[in-house]
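Okay, here's what each chain looks like letter by letter:
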Amino acid sequence: MKYQIFSDNEWIYPDTPIEQENSWELYSARGADVCCQVLTDIVAEEGESISVRVKDLPKECELVVYQLEIATVKENSGLEIGTTKDYESVKHFVTRKAPFELYDITRLIDNGKLSAGRVALYLRVNVGAAAETGVYSIETELKIGREIVTLPLTLQIFNTQIPTLDKANFHMVNWIYYEKLAEDHGVEMWSDEYFEILKAYLENELDMRTDYLMLPGGELITKDTDEKLNFDFDFSHVEKVGNLALSMGFNCIMGGFVARFRSWDDPDNFLLFNKNVTATSFAGYMYLKRYFTRAWECVCKNGWQDKYMQCLVDEPQFPSSMAYRALSGICRKCMPGVKIHDPVETFKLEGAVDVWCVKQETYERYLRIFRELQEVGEEIWLYTCGIPAGHMMNRVTDMPLTVSRMPFWMCCKYDAKGFLHWGYHAHNEARNETCYNTGGGYYPPGNSFVVYIDEKGVTYGVRAHAQRSGAYDAELFKQLCQREGGKEQMISLINRVCRSFVDYDTSAKLLDDVRHELLTILG
């Protein structure tokens, strides 16, 4: 068996040649993990056996082995939006001409059996908080069928430590689509089976360092009565999901959106539970007064006040800024003291939003204004989504893998306290097809999800591993900032890899080297 070890920040493909058998050095803080990828020349049959034996792994450490499986890219990311078949227009920033295949699915090998195809593995070394610092030579023996190979790995554990999630300095949210979860797994909404699957997704999010969860919305109930207010809202499922999330270790839960515009230039937002009613109308006020009152009753009943925020509108725009302000006022009247947290594409929301989660392109376009808001104490997060496409950093499958990790470095450069991405698990019917079909076109490949469906619920994609690693990086950068002169040192390190969301170096080796230097500085 021949093999080659690759960085966890570099894509490998089914046709990647093995150029040399090599050793590999891994660097980790305590309380974190560090990963690499292994490509072999073995082509396994379905169900072929694999066993892994590790020698000299330090105490408080654990090796987890995943099989890398193939995902497909139908079309390339577009120059500005969606996807394109015009490779010549985008070849300066994408990795390959679509269609092509790559290894993005990581399936946990917990039964000693491989799926069919060329054997590629993803190795994750979990380093416990109590692990002893030092440099360790680790022999990892792989036995695939009758073939045996030993991978020479070196693990250096640094003294610096990643805080546990309940003490995180950097926060994240990845939206769960509750109805789609039921649809994808063929289970009844809110059944016991549904909650078992939901729990598997929440466990995965927590492992990814996602510590904020957006809850489902309250459910509209229409009463058979002649009363003027012949409606109410049921928050029983919100209550169950919220208590489950907090019991599992989420730091914050957020009430779901209540309204959205129909088109980008709409001056008002329409209620999600009655799409013919605008949020600023009298009828809208009557709905919202009842909705927020019931939501706050749920929050107070469960003692969530210190761990709850409210979301209002997904991506309020400049034309609807005043309507958003009115909506925020209704919310604050009914939910006294609540914080409002929304992804925004406008800066005309002063006083109406507490956590500005700003799209990366919007933040850099109005950099001076958002920096001024931060200087007076406004909390900023950053997010990525399907628009814009092009060279802008995004977690997609046809751009270099480093681009999935660098947004967390940019968050630190811009003093953002958290990161949001909408596309956690919005899949196609085809499990491994990464271009999400909207019905009128495709989102950039991989933009709509970073995890994959499996028989147990959910499994990591390589880009989801990159998110977890990026969160560790953010914690390390924030530790560096606490030192004298540390902020300038941090920015200098980050600038060697990425200067802005469109100006960055894609080299996996460079990112790995700078990360190693960061760990060395922290000690």
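Above this note sits the structure.
Residues numbered from 1 in each chain as written. Predicted model: local features only at pLDDT ≥ 70, side-chain atom pairs only at ≥ 80, totals over all residues. Heavy atoms only, no water.

### Topic: the nonpolar core
Basically, it comes down to this: Only buried residues count toward a nonpolar core. Its members are Ala, Val, Leu, Ile, Met, Phe, Trp, Tyr and Cys residues joined through side-chain atoms within 4.5 Å. Exposure categories follow from relative accessible area, calculated using a 1.4 Å probe and restricted to protein chains: below 20% of the type maximum is buried, above 50% is exposed, and the middle band is partly exposed.
Counting residues in each nonpolar core, the largest one holds 136 residues, and the members touching the most others are L198 and F292. Among the nonpolar cores identified, the runner-up in size contains 29 residues, and A44, L63, I138 and I157 belong to it.

### Re the sheet that holds strand β9 (residues 117-127)
Using the following cut-off: Strands qualify as paired when DSSP identifies two bridges or more between them. The helix count covers DSSP runs of H or I at least four residues long, the strand count covers runs of E at least two residues long, and both are numbered beginning at the N terminus. To get an axis, a line is fitted to the C-alpha atoms, and for a helix only the part in contact is used. The angle between two axes follows their N-to-C directions and goes from 0 to 180 degrees.
Within the open sheet, the 5 strands sit side by side as β1-β3-β9-β5-β8. Their pairing is antiparallel. The sheet is open, and its two edges are formed by β1 (3-7) and β8 (100-108), each paired on a single side. Taken pair by pair, the neighbouring strands of this sheet meet at an average axis angle of 30°, ignoring direction.

### Some remarks on the pairing of strand β3 (residues 32-44)
Buried residues dominate β3, accounting for 11 of its 13 residues. The pairing of β1 with β3 spans 5 bridges and is classified as antiparallel. Within β3, the position partnered with I5 by the bridge is V38.

### Brief notes about the sheet that holds strand β4 (residues 50-55)
One open sheet accounts for 4 strands, arranged β2-β11-β10-β4; its pairing is mixed. With one partner strand each, in any of the chains shown, β2 (24-30) and β4 form the two edges of the open sheet. Direction aside, the axes of adjacent strands within the sheet are offset by 30° on average. The pairing of β2 with strand β11 (residues 147-161) spans 6 bridges and is parallel. For R30, the partnering residue across the bridge sits in β11 and is Q161.

### Remarks on the packing of helix α10 (residues 486-497) against helix α11 (residues 508-522)
How we decide: Should an angle lie under 35 degrees it is considered roughly parallel, over 145 roughly antiparallel, and from 65 to 115 roughly perpendicular; all remaining angles are considered oblique. The handedness criterion is simple: a crossing whose near helix is rotated anticlockwise from the far helix by less than a right angle is left-handed, and one whose near helix is rotated clockwise is right-handed. The contact criterion used throughout is that any non-hydrogen atoms of two residues lie within 4.5 Å. Note on residue classes: Ala, Val, Leu, Ile, Met, Phe, Trp, Tyr, Cys and Pro are nonpolar, Asp, Glu, Lys and Arg are charged, and everything else, Gly too, is polar.
Running from N to C, α10 and α11 point in directions that differ by 165°, and their axes come no closer than 9 Å. By the angle between their axes, α10 is roughly antiparallel relative to α11. When the axes of α10 and α11 are compared, the crossing they make is right-handed. For the pair α10 and α11, the contacting residues are Q489, L493, R496 and V497 in the first and L510, L511, V514, E517, L518 and I521 in the second. Class assignment of the residues belonging to the contact of α10 with α11 gives a composition of 7 nonpolar, 1 polar and 2 charged.

### Structural notes on the environment of I12
The residue I12 is located in the loop between β1 and β2 in this model. Under the relative-accessibility criterion, I12 is labelled buried at 0%. Taking the C-alpha atoms as reference points, I12 and Q37, separated by 25 residues in sequence, lie 8.4 Å from one another. Residues contacting I12, with those up to four places away along its chain left out, are F6, Q37, L39, L68, L102, Y103 and A120.

### Digging into the packing of helix α8 (residues 402-413) against α10
Interaxial distance between α8 and α10 falls to 10 Å at its minimum, and their mutual angle equals 145°. Remark: the crossing between α8 and α10 carries left-handed chirality. For the pair α8 and α10, contact is made by M406, W409, C412 and K413 and by M490, I494, N495 and V497, respectively. By residue class, the composition of the contact of α8 with α10 is 6 nonpolar, 1 polar and 1 charged.

### Focus on the pairing of strand β16 (residues 252-255)
The side-chain alternation of β16 yields two buried faces, one formed by C252 and M254 and the other by I253 and G255. Note that β16 and strand β19 (residues 308-310) share 3 bridges and pair parallel. Within β19, the position partnered with G255 by the bridge is Q310.

### As for the side chain of S7
Within the secondary structure, S7 is located in strand β1. Aside from chain neighbours lying at most four places away, what touches S7 is W24, Q37, A508 and D512.

### Focus: α8
Which entries qualify depends on this criterion: What a helix is expected to span follows from its residue count: subtract one and scale by 1.5 Å.
With 12 residues, α8 ought to run about 16 Å at 1.5 Å a step, and its terminal C-alpha atoms sit 17 Å apart, in line with that. Buried residues dominate α8, accounting for 12 of its 12 residues. Two residues or fewer after α8 comes D415, characterised by a positive phi angle close to 60°.

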